[in-house]
Amino acid sequence: MNNILVASNRGPVSFTVSDDGELTVRRGGGGLVSGLSGVAKDDGVLWVCAALSDGDRSAVRLAPGGRIDQAGYDTGPLRMLDIPPATFHRAYNAVANSTLWFVNHLLYDIPNAPVFGTKFGREWESYRDYNGAFALALAEEAGHEARVMIQDYHLTLTPAMLRAERPDLRIAHFSHTPWAPPEYFSLLPDEVATEVLEGILGADHAGFLTDRWAQSFMDCCEALLGAEADRVGRSVTHAGRTTRIGVHSLGVDGAALWERACEPDVESHMTALKEQVGDRKLIVRIDRTELSKNIVRGLVAYGEFLGAHPEWHGKVVHLAFAYPSRHDLPEYREYTASVQRCAQQIEDEYATEDWDPLILNVNDDYPRSLAAYRMADVLLVNPIRDGMNLVAKEGPVLSPRCALVLSREAGAAAELGPHALLVNPYDVSGTAAALHDALVMPEEERRARRDRLHAAATALPPPKWLAAQLHALD
Ligand code: G6P
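Under an unreviewed UniProt entry, the protein has the name Trehalose-6-phosphate synthase and belongs to Nonomuraea mesophila. Recorded in UniProt under Sequence similarities (unreviewed entry), the annotation for the protein is "Belongs to the glycosyltransferase 20 family."

Novice: Which parts of the structure should I look at to understand the domain arrangement of the protein?
Specialist: Where interface size is quoted, it is often the accessible area lost as the parts come together. Its domain assignment divides the protein into domain 1 (2–250 + 463–472) and domain 2 (254–458). The C-alpha-based centres of domain 1 and domain 2 are spaced at 29 Å. Of the residues lining the interface, 29 residues belong to domain 1; the matching set on domain 2 comes to 23 residues. For the pairing of domain 1 and domain 2, the buried interface totals around 1900 Å² over both sides, and the portion due to carbon and sulfur atoms is 56%.

Novice: Is there a simple way to explain the site of the ligand in this structure?
Specialist: Near the ligand you find 12 residues, and of these Arg10, Tyr92, Asp152, Arg288 and Arg326 are the closest. Take Asp152: an N or O atom from its side chain is 2.5 Å from an oxygen atom of the ligand. A distance of 2.8 Å is found between an oxygen atom of the ligand and a side-chain nitrogen or oxygen belonging to Arg326. Here the ligand loses 92% of its free accessible area of 380 Å² to cover by the protein chains. Among the elements of the structure, α1 (31–42) and α3 (85–104) are those that each provide at least two residues to the shell around the ligand.

Novice: For this particular structure, what's the right way to read the pairing of strand β14 (residues 358–361)?
Specialist: Two faces belong to every sheet, and in a regular strand the side chains alternate between them. Bridge count for strand β13 (residues 316–323) against β14 is 4 bridges, and the pairing is parallel. Of the residues in β14, the one forming a bridge with Leu319 is Ile359. On the question of chirality, the crossover connecting β13 to the parallel β14 by way of helix α12 (residues 330–350) is right-handed.

Novice: Before we go on, may I ask you to explain the packing of helix α4 (residues 118–141) against helix α5 (residues 158–165) in this structure?
Specialist: What describes two packed helices is the angle between their axes and the distance between those same axes. Close contact between α4 and α5 brings their axes to 9 Å; oriented N to C, the two are set at 45 degrees. It follows that α4 is oblique to α5 by the angle criterion. Between α4 and α5 lies a crossing of right-handed hand. Residues Arg128, Asn131, Gly132, Phe134, Ala135, Leu138 and Ala139 of α4 form the contact with α5, whose own contacting residues are Thr158, Met161, Leu162 and Glu165. Within the contact of α4 with α5, the residues separate by chemical class into 6 nonpolar, 3 polar and 2 charged.

Novice: Explain helix α10 (residues 264–277) here, please?
Specialist: The end-to-end C-alpha separation of α10 is 20 Å, in line with the 20 Å expected for 14 residues at 1.5 Å each. Considered for burial, the residues of α10 that qualify are Val266, Met270, Leu273 and Val277. Seen end-on, α10 carries its buried residues on one side only, within an arc spanning 70 degrees. Those residues of α10 that are exposed and aimed more than 90 degrees away from the buried face are Pro264 and Glu275. Lining the buried residues of α10 we find α9 (254–261), β12 (281–288), β13, β14 and α13 (366–375). A positive phi of about 65 degrees marks Gly278, the residue just after α10.

Novice: Explanation requested: the sheet that holds β13 in the structure shown.
Specialist: By definition, the strands of a sheet pair up through backbone hydrogen bonds, in either a parallel or an antiparallel sense. Strand order across the open sheet formed by 6 strands is β14-β13-β12-β15-β16-β17, with parallel pairing between neighbours. The open sheet has two edge strands with one neighbour each: β14 and β17 (421–423). Sheet twist, expressed as the average angle between the axes of neighbouring strands with direction ignored, equals 15 degrees. Along the sheet, α13 contacts β12, β13, β14 and β15 (378–381); its crossing angle with β12, the most-contacted strand, is approximately 140 degrees.

Novice: Help me understand the pattern of salt bridges, please; the structure alone is not making it clear to me.
Specialist: Once their charged atoms are close, side chains differing in charge can pair, the charge on each being opposite to the other. As enumerated under the stated definition, the model contains 33 salt bridges in all. Here Glu140 ties to Arg79 by a salt bridge, and the two come within 3.1 Å at their closest N and O atoms. Of this pair, Glu140 sits in helix α4 while Arg79 sits in strand β5 (residues 78–81), placing them 61 residues apart in sequence. Across the pair Arg79 and Glu141 runs a salt bridge, and its minimum N-O distance is 2.7 Å. With a gap of 62 residues between them, Arg79 in strand β5 and Glu141 in helix α4 connect regions that are remote in the sequence. With respect to burial, Arg79 and Glu141 carry one shared label: buried. Among the ionic contacts, a cluster of salt bridges with common partners joins Asp377, Arg401, Glu443 and Arg447.

Novice: Explain the side chain of Asn382 here, please?
Specialist: Here Asn382 is to be found in the loop between β15 and α14 (391–398). The class of Asn382 is buried, set by a relative accessible area of 2%. Polar contacts involving the side chain of Asn382 include one to the side chain of Arg285, which spans 2.9 Å.

Novice: Even after reading the chapter, I still don't get the sheet that holds strand β9 (residues 228–230), so can you show me in this structure?
Specialist: Taken together, the 9 strands give an open sheet; going across it, the order is β5-β4-β1-β6-β7-β8-β11-β10-β9, and neighbouring strands pair in mixed fashion. Only two strands of the sheet have a single partner each, and these edge strands are β5 and β9. Mean inter-strand twist for the sheet, computed between neighbouring axes without regard to direction, equals 20 degrees. Taken strand by strand, helix α8 (residues 211–225) contacts β8 (205–208), β9, β10 (235–238) and β11 (241–247), and its axis lies near 155 degrees from that of β11.

Novice: What's the story with the environment of Leu473 in this structure? I'm lost.
Specialist: By the element assignment, Leu473 lies in the segment after α18 (462–472). Take Leu473: its relative accessible area is 4%, and that puts it in the buried class. Sequence separation between Leu473 and Pro367 is 106 residues, and the spatial gap between their C-alpha atoms is 37 Å. In this view, Leu473 contacts Arg147, Val148, Met149, Arg170, Ile171, Ala172, Asp204 and His205; residues no more than four positions away in its chain are not counted.

About the criteria used
- Residues numbered from 1 in each chain as written.
- Predicted model: local features only at pLDDT ≥ 70, side-chain atom pairs only at ≥ 80, totals over all residues.
- Heavy atoms only, no water.
- UniProt positions renumbered as here; feature names shortened; annotations may be inferred.
- Domains from an automatic or database assignment.
- Contact = heavy atoms within 4.5 Å.
- Buried area = accessible area lost by both parts, 1.4 Å probe.
- Near = heavy atom within 4 Å.
- Polar contact = N/O pair within 3.5 Å; in protein donor to acceptor, adjacent residues only side chain to side chain.
- Areas by Shrake-Rupley, 256 points an atom, 1.4 Å probe, with all protein chains shown as cover.
- Helix = DSSP H or I, 4+ residues; strand = E, 2+ residues; numbered from the N terminus.
- Pairing = 2+ DSSP bridges.
- Right-handed = clockwise from strand over helix to strand, strands pointing away.
- Axes fitted to C-alpha atoms, helices over the stretch in contact; angles between N-to-C directions.
- Parallel < 35°, antiparallel > 145°, perpendicular 65-115°, else oblique.
- Left-handed = near helix turned anticlockwise from the far one by under 90°.
- Nonpolar A, V, L, I, M, F, W, Y, C, P; charged D, E, K, R; others polar.
- Expected span 1.5 Å × (residues − 1).
- Buried < 20%, exposed > 50% of the residue type's maximum accessible area, 1.4 Å probe, protein only.
- Arc of directions from axis to C-beta.
- Salt bridge = Lys/Arg side-chain N within 4 Å of Asp/Glu carboxyl O.

Structure, rendered in structure tokens:
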């Protein structure tokens, strides 16, 4: 039986099956996994996650009781759940990613979406089943009075379901996303909004990355449930139970990241990139191709910057790494296409025989991303809205002189804002001006700011985050 458990949709590893049936394992992506992988493994925490692909399902079937670690993989204690593919698809794609993600990141094209009809009713049923599968697995695996940390918008119902099964457990829920204000959250059908809020309130402790998102959650509990929120003591009381609300920022482990970024595969990508860009200045962005990351407006801003500053032609290159994400959703496929179209327009307008103003890459290459960070003069992070954004924290750790252009809507702005150049993510002219300011920032100022960014980014590395979560359950 386990004393500490973590549950999340995506786990620390994913599997692919080759044509000859061979399974290959690789690290999972995204902020949650980057933050938690190392610590969970080192501390012997049992991680419960879903099988996301055919490769994962094959791995689960070969592992006794879904325990991937017991099938000989060096993952740390890990149980993967083989949820029926149709249920998984509706829960993950239709509800979590197309509804709850869209609500909390304010992504809807309101005149046309959302539309909550009978189809959504079926999808919501699947989301319940999927949350129930996690609750059941956690109830089976958890020792008496164990501490269980349930992660993110995929698993909002699990805390209340698990409490009903195992009242002895100490349960935390943590949101890695922003939280919507009540007037936007209440786009959800009333009974769904209620179930989500009451699901999270089933935990003893509900955690958020910034005070802003915690306040929005409390606003929703007050407005939609009529719950009582204590803003000073940070708690919500509803239906006779009190849930404590916590704010726990997540930073990066600077030493581990630096060590990884000095490995030979990264060095050889640096050599290749240097050959490609010469001694030109580098504006870097690294994202999942994700609607909320605002990649298109970032490219439009770069185009405006080039239009306004011909003196920079031939002297700067924008490296935009936008690796694939959630391609089962048509919105994401269309978004990738519009990123590519926008990049092509910049190329058509400005490229010359000996200057490529923009290098867009839409495939995932972790060592190449680390190489880009190390070489960046400017890092552009301009999301529409973001829970935290670890890219904004990783860049200053790896680049000795990068200036950060950062959206004021990223959670990271709460800590990094004073040392970054903050922008309104919708204001592309303002973003273009900030790119220019970042490029011409005097050497002394950029190094001083970068040192302060580095300190802020590494102040709360994942082990501290985990310790704070566990402490909150004591
Ligand atoms: C965000 C979410 C994570 C998620 C990650 C990657 O960081 O908060 O829960 O894992 O995006 O998204 P994906 O859908 O690929 O797991």
